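# Chains, contacts and geometry: an overview
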Amino acid sequence: ETGVTQSPTHLIKTRGQQVTLRCSSQSGHNTVSWYQQALGQGPQFIFQYYREEENGRGNFPPRFSGLQFPNYSSELNVNALELDDSALYLCASSLNRDTTSTDTQYFGPGTRLTVL
Amino acid sequence: KQEVTQIPAALSVPEGENLVLNCSFTDSAIYNLQWFRQDPGKGLTSLLLIQSSQREQTSGRLNASLDKSSGRSTLYIAASQPGDSATYLCAARPLGDKLIFGTGTRLQVFP
């Protein structure tokens, strides 16, 4: 157990809808990163938040947005869902930003999103 | 742009075999390289993290090596067990950037 939780476990939406995924980081971890993992692929970095501000973004469109709250929880919001958004969404928390070579990210179990 | 590749994509071995999983990366300028385990439909469990200044790390039956000059890392699993069956992912952390993952090696160890 990493101490990182995500909700819901599974979710089914239709194309064009909006979705919010939630993550609760380990206590004391200031940084949360979100990844998208399509079936049979490795996780792809979406963005990272440090102390409630975005701290880096991968190659994802603006309809992917996030929030981080002072209580170590965070959200991933996706608007105008497309079929290709179907994937496992993982959040990972870490103590600091990616500034040291010993930094480890602790992953949650993921949310499986299916877009029909 | 950093790219990470893992070979083989899938591997099936009998219990007790020693095995090697391979990971290659295109840019040697990395902070560290990390190996993860992922069970079906689950999140990632960190196995080993090798800093850029290190050559290898060991944990129990697992040993990971890093050769930055050749852009390679290997994960060695000794005396494999059915409980080792999972997908193994390697991830490189480029300087000033986030984790870049390979596509994984799906391992099955049969009794």
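Placed above this text is the structure.
Overview of the structure. Remember, predicted model here, so these are calculated numbers, not experimental data. (Residues numbered from 1 in each chain as written. Chains lettered and ligands numbered in written order. Predicted model: local features only at pLDDT ≥ 70, side-chain atom pairs only at ≥ 80, totals over all residues. Heavy atoms only, no water.)

## Some words on the interface of chain A and chain B
In plain terms, the rule: Residues count as neighbours in contact if any of their non-hydrogen atoms are within 4.5 Å of one another. Buried surface area refers to the total accessible area, computed with a probe of radius 1.4 Å, that the two partners give up upon joining, counted for both partners together. Only one rule defines a salt bridge in this text: a Lys or Arg side-chain nitrogen within 4 Å of an Asp or Glu carboxyl oxygen. Whenever two N or O atoms come within 3.5 Å, that pair is a polar contact, provided that in protein one can donate a hydrogen and the other can accept it, and provided that, for residues adjacent in sequence, both atoms are side-chain atoms. Gly falls in the polar group here, along with every residue not listed as nonpolar (Ala, Val, Leu, Ile, Met, Phe, Trp, Tyr, Cys, Pro) or charged (Asp, Glu, Lys, Arg).
Counting from both sides, the interface comprises 24 residues of chain A and, opposite them, 20 residues of chain B. Carbon and sulfur atoms supply 53% of the area that chain A and chain B bury against each other, a total of about 1,700 Å² over both sides. Linking chain A with chain B are zero salt bridges. Counting across the interface, chain A meets chain B through four residue pairs in polar contact (both at pLDDT 80 or more). A breakdown of the residues in the side of chain A that touches chain B according to their chemical character gives seven nonpolar, 14 polar and three charged.

## Digging into the sheet that holds strand β8 (residues 72–77) of chain B
All names here are of chain B. What counts, and what does not: Pairing between strands is defined by DSSP: at least two bridges between them are needed. Here a helix means four or more residues in a row that DSSP labels H or I, a strand means two or more in a row labelled E, and each is numbered from the N terminus. Angles shown run from 0 to 180 degrees and are taken between the N-to-C directions of axes, each axis being a line fitted to C-alpha atoms and, for helices, limited to the stretch in contact.
With antiparallel pairing, the five strands of this open sheet are ordered in space as β1-β3-β8-β7-β6. The outermost strands of the open sheet, each flanked by one partner alone, are β1 (4–7) and β6 (56–59). Each neighbouring strand pair of the sheet contributes to a mean axis angle of 15°, computed without reference to strand direction. The sheet contact formed by strand β7 (residues 62–67) and β8 spans six bridges and is antiparallel. Among the inter-strand pairings, L62 is bridged to a residue of β8, identified as I77.

## Here's the deal with the side chain of T111(A)
Residues and elements named next belong to chain A. Which entries qualify depends on this criterion: Remark: exposure states derive from per-residue accessible area (1.4 Å probe, protein chains only) relative to the maximum for the residue type, with buried under 20%, exposed over 50%, and partly exposed in between.
In this structure, T111 sits in strand β11 (residues 111–115). The buried category is assigned to T111, whose relative accessible area is 0%. Within polar-contact distance, the side chain of T111 engages the backbone oxygen of P8 at 2.6 Å. In this structure T111 touches Q6, S7, P8, T9, L21, A87, L88 and Y89, once residues within four positions along its chain are discounted.

So far we have only geometry, and geometry alone does not tell us how the molecule works.
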